[in-house]
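This is what each chain is made of:
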Amino acid sequence: MPIACDNTDEDKQQQQDELSALEAIYGCDCVIAADHTTCQVFVPDFSHEPHVCLRVHLPPAYPSSAPPIPEIHGPHLSNDVRAWIVRELENRFTPGEVVLYTWTEWLKEQQHLWAPAPEPEQLPSDPVDSDAEMAAKLQQADLDAHQKAGASQHPGELGMNEDLIIHGEPFTEHKSTFQAHLAAVTSAEDVEKCMTTLLQHNKIRNATHNILAYRIYVKGRDAWLQDYDDDGEDAAGGRLLHLLQILDIKDTLVVVTRWYGGVKLGPARFTHINNAARMLLEKCGQLNRESSHAADSKKKKGKRH
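The following paragraphs examine the structure supplied in this document. In this text, all values refer to a predicted model and were calculated from it rather than measured experimentally. Numbers given to residues run from 1 along each chain, matching the order in which its sequence is written. It should be noted that, the model being predicted, local features are given only for residues of pLDDT at least 70 and side-chain atom pairs only at 80 or more, the latter also being counted only at that level, while totals for whole chains, interfaces and linings use all residues. With hydrogens and water stripped out, all remaining heavy atoms of the structure feed into the side-chain values.

Examining helix 3 (residues 100-109)
Right, on to step 1. When helix 3 is considered as a whole, its buried residues turn out to be L100, W103, T104, W106 and L107. Buried residues along helix 3 cover an arc of 165° about the axis, so they all sit on one side. Any residue under 20% of the maximum accessible area for its type is buried, any over 50% is exposed, and the rest in between are partly exposed; the area is computed with a 1.4 Å probe on protein chains only. For helices the rule is a DSSP run of H or I covering at least 4 residues; for strands it is a run of E covering at least 2, with both sets numbered from the N terminus onward. Relevant arc is that of directions from the helix axis to the C-beta atoms, nothing else.

Observations concerning unusual backbone geometry
Right, on to step 1. P44 follows V43 through a cis peptide bond whose omega is 0°.
Right, on to step 2. Tracing the backbone through its elements, the reader meets P44 in the loop between strand 2 (38-43) and strand 3 (52-57).
Right, on to step 3. Geometrically, the link from Y62 to P63 is a cis peptide bond, its omega value of 5° lying close to zero.
Right, on to step 4. At A235, a position not held by glycine, the phi torsion is positive, near 75°.
Right, on to step 5. As for its position among the elements, A235 is in the loop between strand 9 (223-229) and helix 8 (236-246).

Some remarks on the packing of aromatic side chains
Two measures describe an aromatic ring pair: the distance that separates the ring centres and the angle between the ring planes.
Right, on to step 1. The pairing test for Phe, Tyr and Trp rings, Trp by its six-membered ring, is centres within 6.5 Å, and the orientation test on the planes gives stacked under 30 degrees, edge-to-face over 60, and tilted for anything in between. A complete count under the given rule lists six aromatic pairs for this structure.
Right, on to step 2. With a centroid separation of 5.2 Å and 55° between ring planes, the pair formed by Y217 and W224 is classed as tilted.
Right, on to step 3. Its relative accessible area of 34% is what places W224 among the partly exposed residues.
Right, on to step 4. Geometry around W224 places R215 over its ring, the cationic atom sitting 3.8 Å from the centre.
Right, on to step 5. Here R239 stacks its cationic end above the ring of F270, 4.1 Å away from the centre of that ring. Definition used: whenever NZ (Lys) or CZ (Arg) falls within 6 Å of the ring centre and also within 35 degrees of the ring normal, the charge is taken to sit over that ring.

Scope: geometric values only; no functional claims are made or implied.
What follows is the structure in structure tokens.
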């Protein structure tokens, strides 16, 4: 099989070239095994505590067809976080393209992985706590106020039925609070109604950003109606829509509310926004086997949307 042999030789050469480039870029923070089948990179660097170690095994068919096999090491990271990192890395592989540098640079953007949030006992004195507490009470206090205000209105005049909107659990990272909201939609009108209802909550309306993305499958035309809104958080809406595409989510609107707490998060804010959305999608049973198979298919074909 001369063709297979040629592919193997080409893969081996690309692996060696890539490892040489990584060693040149990251220096002593990149350690390559003697047989050149395994390497590890320390992020942000070996001297930083805590740090994250990305260990990668290179199969013979990488990069032509097989992806690298990543392992994430860091005693401060939970199993769920390590599993999430591996999934994010695997989503970035496209057959025929080397990916180790892309993986490392993406990992370097996730600053929250080595800059943990303050301990819970420090939070009560943090003024942002009022945002987190208020966000958690949206389904009660603000909902009661909304229902009283709309009791005399005809159904649909004020927007979507509040019972059809699901609110995720709010969480705070470095003084910014994030909360996701989800609703089933089948038209752009449904999206507008849902936003009208959400923005009747004072806390949501006064938030720093309400990032949204939706995907609707139009059966009659075998096409997708999809769009997003950054709401001032540049590129966040597009990334949120990309998440819905990767997971093959359909007929769904996702809104992520952010209350800014005065500390800039950099690229890590996109991770928190997508995490809020993904956790709520999973809680609602949207991450089913079909979504997983679709995501795997997109990984193999490359992310082209």
